[in-house]
Amino acid sequence: MTAGVGALAPELDIARWFNSAPLSLAALRGRVVAIGAFQMLCPGCVANGLPQLQRIYELFPKEAVAVIGLHSVFEHHAAMTPVSLEPFLHEYRIAFPVAVDRHDDPAGMPVTMARYGLRGTPSLLLIDRQGRLRLHRFGHVPDLAVGAAIQQLLDEGEGAIPPVGQEGDVCAVGGDCG
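Residues numbered from 1 in each chain as written. Predicted model: local features only at pLDDT ≥ 70, side-chain atom pairs only at ≥ 80, totals over all residues. Heavy atoms only, no water.

**What about the overall build of the chain?**
Here is step 1: Counting secondary structure elements, the chain contains 4 helices and 6 strands.
Here is step 2: Each helix and strand of the chain, placed in order from N terminus to C terminus, yields the pattern β-β-α-β-α-β-α-β-β-α.
Here is step 3: Looking at the chain residue by residue over its 178 residues, the buried ones come to 48%.
Here is step 4: Of the roughly 8500 Å² of accessible surface on the chain, a fraction of 56% belongs to carbon and sulfur atoms. (Helix = DSSP H or I, 4+ residues; strand = E, 2+ residues; numbered from the N terminus. Buried < 20%, exposed > 50% of the residue type's maximum accessible area, 1.4 Å probe, protein only. Areas by Shrake-Rupley, 256 points an atom, 1.4 Å probe, with all protein chains shown as cover.)

**Things to note about the confidence of the model for the chain**
Here is step 1: With 83% of its residues at a pLDDT of 70 or more, the chain has an overall mean of 86.
Here is step 2: Here residues 161-172 is a poorly scored stretch, pLDDT under 50, and it has 31 contacts once near neighbours within four places are set aside; other chains count. (pLDDT = per-residue confidence, 0-100. Contact = heavy atoms within 4.5 Å.)

**Things to note about the environment of Cys 45**
Here is step 1: Its location among the elements puts Cys 45 in helix 1 (residues 43-59).
Here is step 2: Between the C-alpha atoms of Cys 45 and Gly 139, which are 94 residues apart in sequence, the distance is 8.8 Å.
Here is step 3: In this view, Cys 45 contacts Ala 37, Phe 38, Gln 39, Leu 50, Pro 51, Thr 121 and Pro 122; residues no more than four positions away in its chain are not counted.

**Some remarks on empty space enclosed by the protein**
Here is step 1: Tallied over the full model, the rule gives 1 cavity of 30 Å³ or more.
Here is step 2: The space that makes up the largest cavity amounts to roughly 100 Å³.
Here is step 3: Among the secondary structure elements, those contributing two or more residues to the lining of the largest cavity are strand 2 (32-38), helix 1 and strand 5 (123-127).
Here is step 4: Here the element with the most residues in the lining of the largest cavity is helix 1; it accounts for 6 residues.
Here is step 5: A class-by-class count of the residues in the lining of the largest cavity yields 8 nonpolar, 7 polar and no charged. (1 Å grid on protein atoms, 1.4 Å probe; cavity = no way out; pocket = protein on both sides within 12 Å on 5 of 7 lines; lining within 4 Å. Points joined across faces, edges and corners; volume = space filled by probe spheres on them. Nonpolar A, V, L, I, M, F, W, Y, C, P; charged D, E, K, R; others polar.)

**Comments concerning the nonpolar core**
Here is step 1: In terms of nonpolar packing, the biggest core is built from 29 residues, with Phe 38, Ile 56, Val 65, Leu 85, Leu 89, Val 98 and Ile 150 touching the most fellow members.
Here is step 2: Elements that contribute at least two residues to this core include exactly strand 2, helix 1, strand 3 (65-71), helix 2 (82-91), strand 4 (98-101), strand 5 and helix 4 (143-155).
Here is step 3: In contact with Val 98, not counting residues within four places along its chain, are Arg 16, Trp 17, Phe 18, Asn 19, Phe 38, Gly 69, Leu 85 and Leu 89.
Here is step 4: Residues Leu 28, Ala 37, Ile 68 and Met 113 belong to the second largest nonpolar core, which totals 19 residues. (Core = buried A, V, L, I, M, F, W, Y, C linked by side-chain atoms within 4.5 Å.)

**A short note on unusual backbone geometry**
Trans peptide bonds make up the majority, and among non-glycine residues the majority have a negative phi.
Here is step 1: In this structure, the amide linkage connecting Thr 121 to the following residue, Pro 122, adopts the cis form with an omega of 0 degrees.
Here is step 2: Looking at where Pro 122 falls in the secondary structure, it is placed in the loop between helix 3 (111-116) and strand 5.
Here is step 3: If you check the backbone angles, Arg 93 has positive phi at about 55 degrees while not being a glycine.
Here is step 4: Here Arg 93 shows up in the loop between helix 2 and strand 4.

**So, the packing of helix 1 against helix 4**
Here is step 1: For the pair helix 1 and helix 4, interaxial distance at closest approach is 11 Å and the crossing angle is 40 degrees. The angle between helix 1 and helix 4 places the two elements in the oblique class. Considering the relative orientation of helix 1 and helix 4, their crossing is right-handed. Only Asp 143, Val 146 and Ile 150 of helix 4 make contact with helix 1, whose side of the interface consists of Gln 52, Arg 55 and Ile 56.
Here is step 2: Across the contact of helix 1 with helix 4, the residue classes break down as 3 nonpolar, 1 polar and 2 charged. (Axes fitted to C-alpha atoms, helices over the stretch in contact; angles between N-to-C directions. Parallel < 35°, antiparallel > 145°, perpendicular 65-115°, else oblique. Left-handed = near helix turned anticlockwise from the far one by under 90°.)

**Remarks on helix 2**
Here is step 1: Of all the positions in helix 2, only Leu 85, Phe 88 and Leu 89 are classed as buried. Buried residues of helix 2, viewed axially, fall in a sector of 100 degrees; they line one side. Facing away from the buried side of helix 2 by more than 90 degrees, the exposed set consists of Val 83, His 90 and Glu 91.
Here is step 2: Buried residues along helix 2 sit against strand 1 (14-18), strand 2, helix 1, strand 3 and strand 4.
Here is step 3: Arg 93, located one to two residues past helix 2, shows a positive phi value of around 55 degrees. (Arc of directions from axis to C-beta.)

Given below as structure tokens:
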């Protein structure tokens, strides 16, 4: 079973952290969490996903918005190890926390990627202050839309009810399902 929009976000299953001590979604409650799933050899991740996460990290206050890069390797496993990831993060000056998604099967789908039903990389997840998954998107999402979604989550009251689409829909924060 994968996490649906509006449901409590499943915990991350991480093999290693870079740029941070280990983090948990439970410990980040009270903050909006932006998670960007990426792979080093993914052109869309390098051109769009990672720079967007860096902009979110630099723009929003750290006490309000947490940013996590999720290195979810589902292909080219031998080339994208944590040993290779470390200099990549240094070279691209990635300052936000980066988690290496754990594998049950070294050649298979990463655990967190499967929990969230991610279709590939780049993917963006937004989790609200109560720990509910509020946005689940595959591919590039324009910066203006991401910034507006994060600000909407920051502006919501504690008892806000998330918009939920039909079974299988992927919904934006404001209820736009597609």
